[in-house]
Amino acid sequence: MLAHPLKQVDVFSKGGFNGNPVAVVFNADDLSSEQMQKFAIWTNLSETTFVLKPTVPEADYRLRIFTPGNELPFAGHPTIGSSHAAIESAVCVPKNGKVVQECGAGLVPITLTRGENDDIEYAFELSNVTSSQISDEAAVAILNCLFDVKDHIQERGKWNPVLMDAGPKWLTVELQSANQVLDLIPDYGTMAKLCKEYGYTGVYVFGKHHGDTHYESRAFAPAIGVLEDPACGSGAAACGMYASLFNNKDGELGNASNGKLRISQGCKVGRQANLSVQTFMNSDGYSTVKVGGSATTCITGSVLI
């Protein structure tokens, strides 16, 4: 067993302990996938990451991301937390306010912006979020894990569950209000079985507060060992693209439009996470989404693996 530097970073909250923690292990090139997965199970966090040397010159570092159940090609809060930890540990130095992460989903740029009180917000950028409709059978089965929809799935304009692929595959559903989101009591066992059957990472649900651009969200991923994620960056990316694609289109796919929104998440699990989301058309004419938030290192040390 060798000692590896370790940081635990709280993501999407200022000051720590209100967001979603990620454990970040450095100098991980000597570790096997089995060792990484075993440690991720042991931390019992929604994600644990491992920082390695990049394999392409464009990247500042390479990242592998593990849940207690499996490895992910990409995840949002681990990306922000790991970039913060890597910069803080001098693994990389931002160039023009940006670092580039290499991961299973490819190269992901992360932008640093200095805000009020010299706080830094980290924002990752995705240009490959895709959407697809699902069958009524799958929609009814999954939605019945949240509430009783019975035969009302034909109200596509009301429910409109859509599979959004942001690395993790989130079945994304917009409810009529934030209160509806907060009142959900999921059937985790059935949801886990169905997500494995259909190949979903989990279910991401969001609804508006009184403001037009303020949403409450919850992310459920029992199939990969995460009952409810306190703050989900990839889910927020799915939410932003969903809101942009389906804005006033009665459930029909349209062209993404520019837009900003903010997301509150985690109050049902004792957190107060805040995420910012922006969707826009990039210079190549493709839809891009940026998800940002704060990061705070809460634990520094080493781990024997």
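Here the structure is a predicted model, which means the values were calculated and not measured. (Residues numbered from 1 in each chain as written. Predicted model: local features only at pLDDT ≥ 70, side-chain atom pairs only at ≥ 80, totals over all residues. Heavy atoms only, no water.)

1. Overview of the packing of aromatic side chains
- For the structure shown, the criterion picks out 11 aromatic pairs.
- Taken together, a centroid distance of 5.2 Å and an interplanar angle of 70° make the contact between Phe 74 and Phe 124 edge-to-face. Taken as a pair, Phe 74 in the loop between strand 5 (71-72) and helix 2 (76-88) and Phe 124 in strand 8 (residues 120-126) lie far apart in primary sequence, 50 residues in all.
- The exposure class of Phe 74 is buried, given its relative accessible area of 1%.
- Note on Trp 170 and Tyr 204: the rings are 6.3 Å apart at their centroids and 70° apart in plane angle, and the pair reads as edge-to-face. Of the two residues, Trp 170 sits in strand 11 (residues 169-174) while Tyr 204 sits in strand 12 (residues 202-208), which places them 34 residues apart along the sequence. Accessibility assignment for this pair places Trp 170 and Tyr 204 in one class, buried. (Phe/Tyr/Trp six-rings, centres within 6.5 Å; stacked < 30°, edge-to-face > 60°. Helix = DSSP H or I, 4+ residues; strand = E, 2+ residues; numbered from the N terminus. Buried < 20%, exposed > 50% of the residue type's maximum accessible area, 1.4 Å probe, protein only.)

2. Concerning the pattern of salt bridges
- For the coordinates displayed, the defined rule picks out six salt bridges.
- For Lys 14, the salt bridge is made with Asp 119, and the minimal N-O distance between the two is 3.7 Å. Residue Lys 14 is found in the loop between strand 1 (3-11) and strand 2 (20-25), and its partner Asp 119 is found in the loop between strand 7 (106-114) and strand 8; the two are separated by 105 residues along the sequence.
- What makes Asp 119 partly exposed here is its relative accessible area of 29%.
- Notably, a salt bridge pairs Glu 71 with Arg 64, separated by 2.9 Å at the nearest N-O pair. (Salt bridge = Lys/Arg side-chain N within 4 Å of Asp/Glu carboxyl O.)

3. Quick notes on the domain arrangement of the protein chain
- Domain parsing of the protein chain yields domain 1 (3-127 + 295-304) and domain 2 (130-285).
- Each of domain 1 and domain 2 has a C-alpha centre, and these two points are 24 Å apart.
- With 22 residues of domain 1 in contact, the opposing surface of domain 2 contributes 20 residues.
- A combined buried area of about 1,400 Å² lies between domain 1 and domain 2, and 58% of that area is made up of carbon and sulfur atoms.
- In terms of surface lost to domain 2, no three residues of domain 1 exceed Phe 12, Asn 18 and Asn 20, which account for 33% of the buried area on that side. (Domains from an automatic or database assignment. Contact = heavy atoms within 4.5 Å. Buried area = accessible area lost by both parts, 1.4 Å probe.)

4. Looking at the environment of Ala 59
- Structurally, the position occupied by Ala 59 is in the loop between strand 3 (48-52) and strand 4 (61-66).
- You can call Ala 59 buried: its relative accessible area is 9%.
- Residues Ala 59 and Leu 107, spaced 48 residues apart in sequence, show a C-alpha to C-alpha distance of 7.0 Å.
- Residues in contact with Ala 59, not counting those within four places in the same chain, are Pro 54, Val 100, Glu 102 and Leu 107.

5. Observations regarding the UniProt feature "active site" (unreviewed entry) in the protein chain
- Under the UniProt annotation, the feature "active site" (unreviewed entry) is placed at Glu 47.
- One can find Glu 47 in the loop between helix 1 (33-43) and strand 3.
- Under the relative-accessibility criterion, Glu 47 is labelled buried at 7%.
- Once you skip the residues sitting within four places of it in the chain, Glu 47 turns out to touch Pro 21, Val 22, Ala 23, Ile 65, Phe 66, Thr 67, Leu 72, Ala 75, His 77 and Pro 78.
- Polar contacts involving the side chain of Glu 47 include one to the side chain of Ser 46, which spans 3.2 Å. (UniProt positions renumbered as here; feature names shortened; annotations may be inferred. Polar contact = N/O pair within 3.5 Å; in protein donor to acceptor, adjacent residues only side chain to side chain.)

6. What to know about the pairing of strand 7
- With six bridges joining them, strand 6 (residues 98-103) and strand 7 adopt antiparallel strand pairing. Note on strand 7: the bridge partner recorded for Cys 103 is Gly 106.
- Counting the residues that bridge the hairpin from strand 6 to strand 7 gives two residues.
- Direction of pairing for strand 7 relative to strand 8: antiparallel, over a ladder of five bridges. In the strand pairing of strand 8, Thr 111 is matched with Ala 123.
- Linking strand 7 back to strand 8 in an antiparallel pair, the connection comprises five residues, with Asn 117 at a positive phi of about 55°. (Pairing = 2+ DSSP bridges.)

7. Some details on the nonpolar core
- One finds Phe 124, Leu 126, Tyr 204, Ile 263 and Val 291 to be the most contacted residues of the largest nonpolar core, which totals 57 residues.
- With eight residues, helix 6 (residues 233-245) is the single largest residue contributor to this core.
- Counting contributing residues per domain, this core is built from domain 1 (3-127 + 295-304) and domain 2 (130-285), each supplying no fewer than three.
- With residues up to four places along the chain from it excluded, the contact list for Leu 126 reads Phe 74, Val 108, Ala 166, Ala 237, Ser 287, Thr 288 and Val 289.
- Of all hydrophobic cores here, the second largest spans 24 residues; its members include Leu 143, Leu 146, Trp 159 and Val 181. (Core = buried A, V, L, I, M, F, W, Y, C linked by side-chain atoms within 4.5 Å.)

8. Concerning the packing of helix 3 (residues 136-143) against helix 5 (residues 188-198)
- Viewed as axis vectors pointing N to C, helix 3 and helix 5 meet at an angle of 155°, and their least axial separation amounts to 9 Å. With respect to helix 5, the element helix 3 is oriented roughly antiparallel. In this structure, helix 3 meets helix 5 at a crossing whose hand is left-handed. Of helix 5, the residues touching helix 3 (which contributes Glu 137, Ala 138, Ala 141 and Ile 142) are Leu 194, Cys 195 and Tyr 198.
- In terms of residue class, the contact of helix 3 with helix 5 is made up of six nonpolar, no polar and one charged. (Axes fitted to C-alpha atoms, helices over the stretch in contact; angles between N-to-C directions. Parallel < 35°, antiparallel > 145°, perpendicular 65-115°, else oblique. Left-handed = near helix turned anticlockwise from the far one by under 90°. Nonpolar A, V, L, I, M, F, W, Y, C, P; charged D, E, K, R; others polar.)

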